[in-house]
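Each chain is listed here by its residues.
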Amino acid sequence: MIRFKNIVPLVMLVLVAVVTIGCAAKDLSAANHGATSNYDRPGFITGVEDGRLWVFLAGSKEGQAYAATKSKPAKHVVRPGAGPNGMTIRAPEFDVIDAYLMAKPGFVTGIEDGRLWVFKEGTKEADAYIASKSKPAKHVVRPGAGPNGITIRAPEFDTIDAYLVTK
């Protein structure tokens, strides 16, 4: 006959074993050993080390150094829990973190005067923005609709809507 007081320690032992095995498996994952990052976005170089996401602008001296030798700048900024899946993000400057968080596939984005400009990739407006940072004279605005309550500007509302639903 099995008694209730004998089952409780057995259940606790099984739970501890399951949690221990799960933690060990996480530590053995490739993400914790400097493997290529699954968090890449156009215009950025990323890497995961010790569970933290490092973000660099592609073409920057810090980004080139990281890509070549995985070296990280001694002076950097940190945003705890701001990244994908609640990861801590580290970068040379806060502007790099902000730009990374607002970049989405299929869109060209830029932050100017505290506002987020959004263009669909491959459009003439996007090409003009990339080439000379020129913005269309006629555009639409959604105050406070963007990430962290930032105002979004775009050539048309469809672009803003598409941007907001894209992950």
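None of the values given here were measured: they were computed from a predicted structure.

J.: Tell me about the sheet that holds strand E8 (residues 151–154), and name the residues and values.
T.: Taken in spatial order, the 4 strands make up an open sheet running E5-E6-E8-E7, and their pairing is mixed. Here the strands that pair on one side only, and so sit at the sheet edges, are strand E5 (107–112) and strand E7 (140–142). Going from strand to strand, the sheet's axes swing by 25 degrees on average, the running direction of each strand aside. Examined bridge by bridge, E5 and strand E6 (residues 115–120) share 6 bridges and lie antiparallel to one another. Its bridge partner being in E6, Val108 is matched across the sheet by Phe119.

J.: Hey, could you go over the sheet that holds strand E2 (residues 52–57) for me, with residue numbers and the actual values?
T.: Spatially, E1-E2-E4-E3 is the arrangement adopted by the 4 strands of the open sheet, whose pairing is mixed. Every other strand in the sheet has two partners, leaving strand E1 (44–49) and strand E3 (77–79) as the edge strands with one partner each. Pairs of neighbouring strands in the sheet enclose a mean axial angle of 25 degrees, with direction left out of account. Both E3 and strand E4 (residues 88–91) contribute to a ladder of 3 bridges, which runs antiparallel. For Val77, the partnering residue across the bridge sits in E4 and is Ala91. Those strands touched by helix H2 (residues 61–69) are E1 and E2, and its axis lies near 50 degrees from that of E1. In the packing of helix H3 (residues 94–102) onto the sheet, the strands contacted are E1, E2, E3 and E4, and the crossing angle to E3 comes to about 40 degrees.

J.: Can you explain the nonpolar core? Please cite residues and give values.
T.: Considering soluble globular proteins, one finds that nonpolar side chains tend to be buried as a cluster. Phe44, Val48, Leu53, Val55, Val77, Met87, Ile89, Ala91, Val96, Ile97, Tyr100 and Ala103 form the largest nonpolar core, which has 12 residues in total. Residue assignment for this core shows that the elements contributing at least two residues are E1, E2, E4 and H3. Of all the elements, H3 adds the most residues to this core, at 3 residues. Contact partners of Tyr100, with chain neighbours within four places excluded, come to Tyr39, Arg41, Phe44, Thr46, Leu53, Val55, Pro84 and Ile89. Residues Phe107, Val118, Ala154 and Tyr163 belong to the second largest nonpolar core, which totals 10 residues.

Rules used throughout
Residues numbered from 1 in each chain as written. Predicted model: local features only at pLDDT ≥ 70, side-chain atom pairs only at ≥ 80, totals over all residues. Heavy atoms only, no water. Pairing = 2+ DSSP bridges. Helix = DSSP H or I, 4+ residues; strand = E, 2+ residues; numbered from the N terminus. Axes fitted to C-alpha atoms, helices over the stretch in contact; angles between N-to-C directions. Contact = heavy atoms within 4.5 Å. Core = buried A, V, L, I, M, F, W, Y, C linked by side-chain atoms within 4.5 Å. Buried < 20%, exposed > 50% of the residue type's maximum accessible area, 1.4 Å probe, protein only.

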